[in-house]
Amino acid sequence: MQHFEVNFDGLVGPTHNYAGLSFGNVASLNNANASSSPKQAAKQGLQKAKALADMGLTQGVLAPQERPDVLTLRRLGFSGTDAQVLEKAAKQAPQVFLACCSASSMWTANAATVSPSADTADGKVHFTPANLTNKFHRSLEPQVTGRILQATFNNDKYFKHHTHLPDNEFFGDEGAANHTRLCQNYGHEGVEIFTFGRYAFDTSKPAPQKYPARQTLEACQAIARLHGLSDENVVYVQQNPNVIDQGVFHNDVISVGNQNVLFYHEQAFHNTDAAFAEIQQKFGDEKVYFIKVDSQQVSVEEAVKTYLFNTQIVTMTNGDMAIIAPTECRDSKAVSSYLSDLVTQNTPIKQIHYFDVKQSMRNGGGPACLRLRVAMNDQEVDAVNPNTLLYDTLFERLNLWVDKHYRDQLLVADLHDPQLLIESRTALDELTQILKLGSVYPFQQD
Ligand SMILES: N=C(N)NCCC[C@H](NC(=O)CCC(=O)O)C(=O)O
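Quick caveat: nothing in here was measured; it's all calculated off a predicted structure.

For the rest of this paragraph, the subject is helix α13 (residues 333-342). All of the buried residues along α13 are Val335, Ser336, Tyr338, Leu339 and Leu342. Looking down the long axis of α13, one finds its buried residues gathered within 160° of arc, a one-sided arrangement. The inward-facing, buried residues of α13 abut β10 (261-265), β11 (289-293), α11 (300-306), β13 (321-326), α12 (327-331) and β14 (349-355).

Here you go:
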């Protein structure tokens, strides 16, 4: 049996915009109110995904969410026709309205935590959608995310879907952005590393002072229980509270792992030595490559600006690893010279590929934010909804679909345009037919 890591990239939705919604995420705050290009954003994402497929990797896509979220606006007391709901909300509660328009589901690293079948007690692949409680705009995602995941991984024999954790800060969960799995090969049981920002039930423990810690230890533990993971295969590591306060709102902004490699900034974790000793002991006899970047080489500030660690590390068909980086890394002298040197060192990482995902970067989402990793064997891959796998035909079809429905430019002031709602729903309705997802959106269930 063969085993693969399949990346499921989030399709960027038709309302992609910059509303400054994420306190603690430097790029989101800095670009508030800038004009966006949903069309360019969607194409940049598709091109990155297709390039990985062309490298011989299996690649899928996940559908975006329905925005503006009229259902939530109605829940919050705005009434009348859909157009009236938009108009009243935009006028009476502009910040609430903007939160209900975010295309943030594009960052599918936050869609869910996934445990492959090699790690779970029942031998199925487990999915728990992230509740994303820390940001109102993101807390609107988990229910529909759950439906999209069920329609994508739609076979009970191989896939187990859980409900997101209770919607409360005590169980704040940001999904795979704070979860890395190391393994000797994708089919072998691995070490699942859960990273958290604070202890919800013990406030005497260290925690950031300036920006919020979005993920709690208790949420990580709940997911490990739900997925039937053995204590022998799980390590919980606290993020360094100081780096959260420097804009590292998810651990995947400061570290990334793949197979026997953990690439990290020296300031990423609290109690690094103890955590790494536990990871190595649970990993087994083979050596883990802990690739450390120190502050002299690249400062935390530069890492946050360039997203050096929000890169994907992928295993190529010849067994070498490649780093998939945003062009911001190439444009930084410190980072590009670090990366050019890295590929000459004695580690599995041998190639660097740069991609322009600027539309996403301006909201704090790099290449790694745009994808959800699902390690599977060939039978499991065969059980995935085949219409969501990105081969040439789907790539071409999705590009045409974007050309047909997406705007070239969008201003925050355009978001209450009732025509945009119609365009978005028309696009998403067609997408559910292309991907054969069924009726996953609230507007399809009226
Ligand atoms: N690191 C990972 N895995 N994901 C990045 C998510 C970025 C997202 N930005 C936003 O939601 C900004 C939206 C706005 O401001 O318009 C967030 O902060 O949750």
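All right, on to the sheet that holds strand β9 (residues 255-258) then. Pairing is mixed in the open sheet, where three strands are placed in the order β9-β10-β11. The sheet is open, and its two edges are formed by β9 and β11, each paired on a single side. Averaged over all pairs of adjacent strands, the angle between strand axes in this sheet comes to 10°, irrespective of strand direction. Sheet topology places β9 next to β10; four bridges connect them, and they run antiparallel. The partner of Ser255 across the bridge, within β10, is Tyr264. Helix α10 (residues 272-283) contacts β10 and β11 of the sheet and is inclined by roughly 170° relative to β10. Sheet strands touched by α13: β10 and β11. Its angle to β11, the strand with the most contacts, is close to 155°.

Glancing now at the sheet that holds strand β6 (residues 179-182). If you walk across this open sheet you meet the three strands as β6-β7-β8, and the pairing is mixed. With partners counted over all chains shown, the strands left at the sheet margins are β6 and β8 (234-238), one partner each. Averaged over all pairs of adjacent strands, the angle between their axes in this sheet comes to 25°, without regard to strand direction. In terms of strand pairing, strand β7 (residues 191-196) meets β8 through five bridges, oriented parallel. Along β8, the bridge assignment pairs Phe194 with Tyr236. Sitting on the sheet, helix α8 (residues 217-226) is in contact with β7 and β8, with an inclination near 155° to β7. Contacts between α10 and the sheet are confined to β6, β7 and β8, with β8 contributing the most and set at about 165° to the helix.

Moving on, we come to the pairing of β8. Taken residue by residue, a regular strand's side chains alternate between the two faces of the sheet. Among the five residues that make up β8, four are buried, leaving the element largely enclosed by the rest of the structure. The β-α-β motif built from β7, the intervening α8 and the parallel element β8 has right-handed crossover chirality.

Rules behind the numbers
Every chain begins its residue count from 1, and numbering advances along the sequence as written. Totals for whole chains, interfaces and linings use all residues, but because this is a predicted model, local features are given only for residues with pLDDT of at least 70 and pairs of side-chain atoms are given and counted only at 80 or more. Hydrogens and water molecules were not included; the side-chain quantities draw on all heavy atoms of the structure. Burial classification: accessible surface area is computed with a 1.4 Å probe over protein chains only, and a residue below 20% of its type maximum counts as buried, one above 50% as exposed, and the rest as partly exposed. To qualify as a helix, a DSSP run of H or I must reach at least 4 residues; to qualify as a strand, a run of E must reach at least 2; elements of each kind are numbered from the N terminus. Throughout, the arc means the angular range of directions from the helix axis out to the C-beta atoms. Residue contacts are counted whenever heavy atoms from the two residues lie within 4.5 Å of one another. Two strands pair under a simple rule: DSSP has to find at least two bridges between them. Simply put, an axis is a line fit to the C-alpha atoms, just over the touching stretch for a helix, and the angle between two N-to-C directions goes from 0 to 180 degrees. Think of it like this: strands point away, you trace from the first strand over the helix to the second, and a clockwise trace means the crossover is right-handed.

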